[in-house]
Amino acid sequence: MEITRKIFWTEAMKGGTIIGMTVIAFQILQMWVIEAAWLRWLAFAVFVSLVYGLTRRVARRSSARYGFPYDRCVGFTLAMMLFVGVLFGVYLSVAYRIMGTEAISSVIGELLGQMPQLSSAQVEMVWDMAYKFMLNPMFQVVNGVVTYCIRGGIVGIFTSALVARRPDIFAEDNDVENGNQSA
């Protein structure tokens, strides 16, 4: 079966939603378990496994005749990451609203702690800008999309090399491997 644009984006939405909800669940879990490096590694391993598994599932659905080459695999991974980023950005926007000013102040304090060379006027300016950005839902969504497109893109470069299927122009219309009729 040829992976049409509709199938591509539908599967990317499904996969992105699964990965996004998993990322959010791990984020919530990490808030409860303070300074657990093993949990971050587990979250990363699950993230990579989901990207690999969902991309592989779509690649296997394609027929041998049409294949699912490397560039489509990377594109599919990036398409999933768009949905992951939107979900994560909405989650952060809601979480910062629910948690209130203490959580936001804590995050900004950690950020400013990494910049000891700033003067008091610069600290105040950075504090005000960061506070406004953290309460801006559109900024959180754009930040989530950019973050996960980079993170997922890097993972996708490697996982796509493992799951890509080259098209076989000599394959018959009957795809025996998948049991599907090719159009």
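Residues numbered from 1 in each chain as written. Predicted model: local features only at pLDDT ≥ 70, side-chain atom pairs only at ≥ 80, totals over all residues. Heavy atoms only, no water.

Undergrad: Pulling in residues and values, what's your account of the packing of helix α4 (residues 101-113) against helix α5 (residues 120-134)?
TA: Packing of α4 against α5 leaves a shortest axis separation of 10 Å and a crossing angle of 135°. It follows from the interaxial angle that α4 and α5 lie oblique. Every pair of crossing elements has a handedness; the one defined by α4 and α5 is right-handed. Of the residues in α5, those touching α4 at Thr-101, Ile-104, Ser-105, Val-107, Ile-108, Gly-109 and Leu-112 are Val-123, Val-126, Trp-127, Ala-130, Tyr-131 and Met-134. Of the residues that constitute the contact of α4 with α5, the class distribution is ten nonpolar, three polar and no charged. (Axes fitted to C-alpha atoms, helices over the stretch in contact; angles between N-to-C directions. Helix = DSSP H or I, 4+ residues; strand = E, 2+ residues; numbered from the N terminus. Parallel < 35°, antiparallel > 145°, perpendicular 65-115°, else oblique. Left-handed = near helix turned anticlockwise from the far one by under 90°. Contact = heavy atoms within 4.5 Å. Nonpolar A, V, L, I, M, F, W, Y, C, P; charged D, E, K, R; others polar.)

Undergrad: Go over the nonpolar core, please, and point to the residues and values.
TA: With 31 residues, the main nonpolar core has Ile-19, Phe-47, Phe-68 and Met-81 as its most contacted residues. Sorting the residues of this core by element identifies α1 (5-32), α2 (37-61), α3 (70-99), α4, α5 and α6 (137-163) as the ones contributing at least two each. The dominant element in this core, judged by the number of residues it contributes, is α3, at eleven residues. Not counting residues within four places of it along the chain, the set of residues in contact with Met-81 comprises Ile-19, Phe-47, Val-51, Tyr-148, Cys-149 and Gly-152. (Core = buried A, V, L, I, M, F, W, Y, C linked by side-chain atoms within 4.5 Å. Buried < 20%, exposed > 50% of the residue type's maximum accessible area, 1.4 Å probe, protein only.)

Undergrad: Before we move on, can you summarise the packing of aromatic side chains with the specific residues and values?
TA: Per the counting criterion, the structure on display carries nine aromatic pairs. Consider the rings of Phe-8 and Trp-9, whose centres lie 5.6 Å apart with planes at 75°: the pair is edge-to-face. An aromatic cluster of three or more residues is present, and its members are Phe-8, Trp-9, Phe-68, Phe-76 and Phe-83. The ring of Tyr-148 has Arg-151 lying over it, and the distance from NZ or CZ to the ring centre is 4.9 Å. (Phe/Tyr/Trp six-rings, centres within 6.5 Å; stacked < 30°, edge-to-face > 60°. Lys NZ or Arg CZ within 6 Å of the ring centre and 35° of its normal.)

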